[in-house]
Each structure stands twice: as structure tokens, then as C-alpha cells.
Amino acid sequence: MRTPWRPFASYNLWLLFAPAVGQERWHCDMKRGFQKARQKEPSVKALLEQDTTWQRIGHLAQRGVCEFHKDTQLLHRLDGVERVAEILKLGQESAEVQERVIKILKNYHERPILLGKNIILLSRGDEGFPEPILIRYGNYLLNLYAAIDCIFREPDGTLHILDFKTGKTDFDRRQGFVYLLAAKYLYPQQPAVASFYNLESGKWSEPISATAAQLNAIQIELAIIAQQHQKDLRRYRQNPTEFSQIFPPNPGFNCQYCLFNSLCEFSVFPVTA
């Protein structure tokens, strides 16, 4: 049965509206415009279908963890890392991707943090959009999307939602709160915490928990974001020439890392033809 269309919210959309603490200089509203308003244009769609290096590393790292737990004997074999690398076909990847993913696989082989856990969910990371969770805010209905990497049950029964990270990006507690809001709907009446684990550095965040009042506040924030986003989309569809006013750019140093710098007329990063 097809899911009815509704306004939506997600951590990703929240991040496109407001940067994480310390990431303000990297923020650009125009990215939201490209990703959410112009995503069907052929040139934009082609860019969105390409994995960046860091996205590729993240996807392969998560798949690697899944392969280790699909056959846990791999965690005990001396050649376990090489076997998983073969399954992932790492030889077909760039040198940088191969080097970093091999390091991640070695890290996990040495410290398999999920081994012995009561795992409820472990995603490969390439499953596509998760099923939406229907959220009600007064008379307003919206779909919440929360792509959860892993859920395991602690010995005391608490659900532990774990999000895998790679690279050097700091953890954003807002993402943990969105997961906890999703858990409230998916697993009502069950206590839950959320945390982040960096597969490259081995850093594990402190568990994040939330009160009912905090989750209600998060729900209100997401509803406001969903409403504002739909309002912006309507404005753009009615006045496409006002793209840069609806989604204002923030040109600067950050342009060199922007996926859309080859299309953006405001980019200060020179793009070679």
C-alpha cells in the first residue's frame, strides 16, 4: 500500500535548516534548495546520485560491520578483515577509500563492540529510505524519517540506539534526540538511549536520554521545520526566479567542499571545465 504524502521531517532536514554547534561557517541554505527543491533537475539529480568519498567510506564501513555480524566467525579468523574486504569488493574503490575502510575493518576486528550484544536491528546502510513514522502535532500530521543504524537491548531491557560515524565530525546530540523520538513511536513504553560510535577513532559518546517533555519539544521543533520547509517549497514553485532569496547562499571557504559548486552561481570555488 502506498504511503500517503505528508510533510516530512528528519534529522537531515533539521541539519539543512540549522548547523550543528561549531559548524556555522559551513552552513549554506542554498544546499537545501538544491537537495530538496531542485533535486529532479537532471544536473542536480546526477550530482545527488554520486557518492562523495566520505559517503562511500561511511557506507562501506557500515556494510563491513554487518558482514562481520552476518558471520561472526569472521571476527575470530586471522584473515577476517581480508575476507570482508573481498565481500565489499574494496579492490574496485579508490586508494583513499581502500586505505580508510581497511583501517576501519581492522579496528572493528580488534574491538567488535557489538559482539555478544542482543542485536535487534543492524542496517547495511544502503537500504534506502526507511518507512516513515506518522507524527501528530495537534491537527498537523507529518512523516518522520529516521534511518537507524543499529539497535541492541541492554541487559536491563533498555533499548540502545547506536549511530555509526566515520571521519572527524563531532557528534550532534540533535540526531540522538530524533532517534529517541522515533523509538517512542516504534517501541512505545520501552526505555531507550542513543549514542554515537566512530568506527575510525573508536570514540564512543556518552548515552543520550530524553524526558517526555524534551521529546515533546523535539516533536514541536520538527513540526515547525516541516511546515517552514513546505512553505519554502511552495514559494519556489510559484517563483523559481527567487531561488537565491528563498534559499540564500553563504559563499566562502566552504564552497570548495560543496557538492553543488559546479552549478552554483554564487560559488567562490573555481570549477575546471
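Right, let's walk through the structure included here. In this text the structure is predicted, and so the values were computed from the model without any measurement.

1. A closer look at helix α7 (residues 173–186)
Over its 14 residues, α7 extends 20 Å from the first C-alpha to the last, a length consistent with the 20 Å expected when each residue adds 1.5 Å. Within α7, burial applies to Arg174, Gln175, Gly176, Phe177, Val178, Tyr179, Leu180, Leu181, Ala182 and Ala183. Those residues of α7 hidden inside the fold are in contact with α1 (11–17), β3 (133–137), β4 (140–145), β6 (159–165), β7 (192–198) and α8 (212–238).

2. Structural notes on the packing of aromatic side chains
Applying the stated rule across the entire model yields 13 aromatic pairs. Geometrically, the ring pair formed by Trp26 and Tyr257 is tilted, given 5.7 Å between the ring centres and 55° between the ring planes. Of this pair, Trp26 sits in the loop between α1 and α2 (29–37) while Tyr257 sits in the segment after α9 (243–246), and the two are 231 residues apart along the sequence. On the numbers, 5.6 Å between centres and 65° between planes, the contact of Tyr236 with Phe243 is edge-to-face. Each member of the pair Tyr236 and Phe243 is classed as buried. Across from the ring centre of Trp14, 5.2 Å away, lies the NZ or CZ of Arg174, which sits over that ring.

3. Examining the side chain of Asn261
If you trace the backbone, Asn261 turns up in the segment after α9. From its side chain, Asn261 meets the backbone oxygen of Cys255 in a polar contact 3.1 Å long. Within polar-contact distance, the side chain of Asn261 engages the backbone oxygen of Cys258 at 3.2 Å.

4. A few points about the sheet that holds strand β2 (residues 118–122)
If you trace the four strands from one edge of the open sheet to the other, you get β2-β5-β6-β7, paired in mixed fashion. Looking at which strands have only one partner, the edges of the open sheet turn out to be β2 and β7. Direction aside, the axes of adjacent strands within the sheet are offset by 25° on average. Bridge count for β6 against β7 is seven bridges, and the pairing is parallel. What sits directly across from Leu162, in β7, is Ser195. Docked against the sheet, helix α4 (residues 53–70) engages β2 and β6, running at close to 135° with respect to β2. Against the sheet, α7 engages β6 and β7, with an angle of about 140° to β7.

5. What about unusual backbone geometry?
Unusually for a residue other than glycine, Lys89 sits at a positive phi of about 55°. Structurally, the position occupied by Lys89 is in the loop between α5 (80–87) and α6 (95–110). Classification of Lys89 by relative accessible area gives exposed; the value is 52%. Here Gln189, not a glycine, exhibits a phi torsion of approximately 75°, which is positive. Note that Gln189 resides in the loop between α7 and β7.

6. Digging into the nonpolar core
In terms of nonpolar packing, the biggest core is built from 31 residues, with Leu142, Leu144, Ile161, Leu180 and Leu222 touching the most fellow members. Mapped by element, the contributors of at least two residues to this core are α1, β3, β4, β6, α7, β7 and α8. Per element, the largest residue contribution to this core is seven residues, and it comes from α7. The residues contacting Leu142, other than those within four sequence positions of it, are Arg6, Pro7, Phe8, Ala9, Ile133, Leu134, Ile135, Leu222, Ala223 and Ala226. In terms of nonpolar packing, the next biggest core, distinct from the first, is built from 25 residues, Val84, Leu90, Ile104 and Leu199 among them.

7. Digging into the sheet that holds strand β1 (residues 8–10)
Pairing is mixed across the open sheet formed by three strands, whose spatial order is β1-β4-β3. Lying at the two open borders of the sheet, with one neighbouring strand each, are β1 and β3. Recorded for the sheet is a direction-independent mean angle of 40° between the axes of neighbouring strands. The sheet contact formed by β3 and β4 spans five bridges and is antiparallel. Within β4, the position partnered with Ile133 by the bridge is Leu144.

What counts as what
Residues numbered from 1 in each chain as written. Predicted model: local features only at pLDDT ≥ 70, side-chain atom pairs only at ≥ 80, totals over all residues. Heavy atoms only, no water. Helix = DSSP H or I, 4+ residues; strand = E, 2+ residues; numbered from the N terminus. Expected span 1.5 Å × (residues − 1). Buried < 20%, exposed > 50% of the residue type's maximum accessible area, 1.4 Å probe, protein only. Contact = heavy atoms within 4.5 Å. Phe/Tyr/Trp six-rings, centres within 6.5 Å; stacked < 30°, edge-to-face > 60°. Lys NZ or Arg CZ within 6 Å of the ring centre and 35° of its normal. Polar contact = N/O pair within 3.5 Å; in protein donor to acceptor, adjacent residues only side chain to side chain. Pairing = 2+ DSSP bridges. Axes fitted to C-alpha atoms, helices over the stretch in contact; angles between N-to-C directions. Core = buried A, V, L, I, M, F, W, Y, C linked by side-chain atoms within 4.5 Å.

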